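Structural description and commentary
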Amino acid sequence: MSTACSAQDFVYRLDPEPGVRYKGAMTMETRSQTRTQGMDIEMIMTVHMDHDVVFEAVADDTVIVRYTTTAASAEMGGMPGLDQAPFDLNDLYQGMVGVTFTMVMTRDGEMVEFDGLDSMMEAMLDRMDAPDEIRAMTSLFLEENFGEEQMKQMIGQDGLSMPDHPVAIGDTWTNSVSALGIEFGTTYTLADRSDGSATIEAAGTLSDSDNAGFNLPGAPNMPGVEMKFENLSGALESSYELDEATGLTVAYNTNMTMNTDMVMEMPQVDGQSIDAPSMSMSISTETTTSGTLSRAP
């Protein structure tokens, strides 16, 4: 992300210095609580990643960003039976080390290309010594948990959207996107400018606007079982610090809460309809993400 200063207004432009090496770091913690049939199950997952980052200006209107993962770790706890999982989560994340992601962004901050996911998933699967059935299940887990939106959160600016016009301190702008059947609406505010830095604050909501059900990344697919998520609500609060000389987001913090119901039905088994009641559970999650970007020594 980049900015420039014109008179007293803040004007957005991606303009990093080509070839300069940066160090990036990201930590994401997700706490979830699931309630089903009178039981409460709590789980916590923490992910940390470090990156080498290099920007390459390729045209007046686009910039290439290359992220190479230099360290990765993951820890999960709280839920009974995690020690019986068919793979070690931290070991899988170690497979990301050395993988390079390439992003092409416009000068106004929009991502137009993202490459490197296939190589990353192959590297992670190569770390597994397991039967083909387990590898296939893990491959599905990776595909649904490391999509483009998830990777943008882990290595990018975590959802920052900039205005296409000059703004002054106190001005606001909005952005609305839909992903996985979930509607995200966010209002951004230019909160402050001082000592060459700009502070942007964001507040938003999550909703399942048409109540038609939606899918979440990582939800397993089970033969004979139909599963969907409904009645979603949530909130998002973020703060970003931008360097006005380069426009890069040098620090950010995000907190997102989400509540939803998961409904599972078994309409048929082996092609035969069965009369079985549906099963539902309520899920509440809170995800905090923080990141930094600075010149490499």
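Attention here is on the structure that accompanies the text. (Residues numbered from 1 in each chain as written. Predicted model: local features only at pLDDT ≥ 70, side-chain atom pairs only at ≥ 80, totals over all residues. Heavy atoms only, no water.)

**Notes on the pairing of strand E9 (residues 182-194)**
Both faces of the sheet carry side chains from a regular strand, because those side chains alternate between them. Both E9 and strand E10 (residues 197-207) contribute to a ladder of 11 bridges, which runs antiparallel. Residue pairing across strands places Thr187 opposite Ala203, the latter belonging to E10. Between E9 and E10, which pair antiparallel in sequence order, lie two residues; one of them, Asp195, sits at a positive phi of approximately 50°. (Pairing = 2+ DSSP bridges. Helix = DSSP H or I, 4+ residues; strand = E, 2+ residues; numbered from the N terminus.)

**Some details on the pattern of salt bridges**
Between side chains of opposite charge, pairing is possible as soon as their charged atoms come close. Counted by the stated rule, this structure contains eight salt bridges. Between Arg295 and Glu17 there is a salt bridge, and its shortest N-O distance comes to 2.9 Å. Remark: Glu17 occurs in the loop between strand E2 (9-12) and strand E3 (21-36) and Arg295 occurs in strand E15 (residues 279-295); sequence separation between them is 278 residues. Here Arg295 falls in the partly exposed class, since its relative accessible area comes to 49%. Two residues, Asp52 and Lys23, come together in a salt bridge whose shortest N-O distance is 2.8 Å. Taken as a pair, Asp52 in strand E4 (residues 39-57) and Lys23 in strand E3 lie far apart in primary sequence, 29 residues in all. Shared partners join several salt bridges into a network, and the residues in it are Arg21, Lys23 and Asp52. (Salt bridge = Lys/Arg side-chain N within 4 Å of Asp/Glu carboxyl O. Buried < 20%, exposed > 50% of the residue type's maximum accessible area, 1.4 Å probe, protein only.)

**Digging into the packing of aromatic side chains**
For the coordinates displayed, the defined rule picks out four aromatic pairs. Here the aromatic rings of Tyr240 and Tyr252 are separated by 6.4 Å at their centres, their planes lie at 35°, and the arrangement is tilted. Of the two residues, Tyr240 is situated in strand E11 (residues 226-243) and Tyr252 in strand E12 (residues 249-265); the sequence distance between them amounts to 12 residues. Taken as a pair, Tyr240 and Tyr252 share a single burial class, namely buried. (Phe/Tyr/Trp six-rings, centres within 6.5 Å; stacked < 30°, edge-to-face > 60°.)

**Quick look at the environment of Met162**
Here Met162 shows up in the loop between helix H4 (148-155) and strand E8 (172-179). What makes Met162 buried here is its relative accessible area of 11%. Separated by 151 residues in sequence, Met162 and Val11 have C-alpha atoms that sit 9.4 Å apart. Non-local contacts of Met162, meaning those with residues more than four positions away in its chain, are made with Phe10, Tyr12, Trp173, Ile200 and Leu242. (Contact = heavy atoms within 4.5 Å.)

By themselves, these observations are geometric and do not establish any function.
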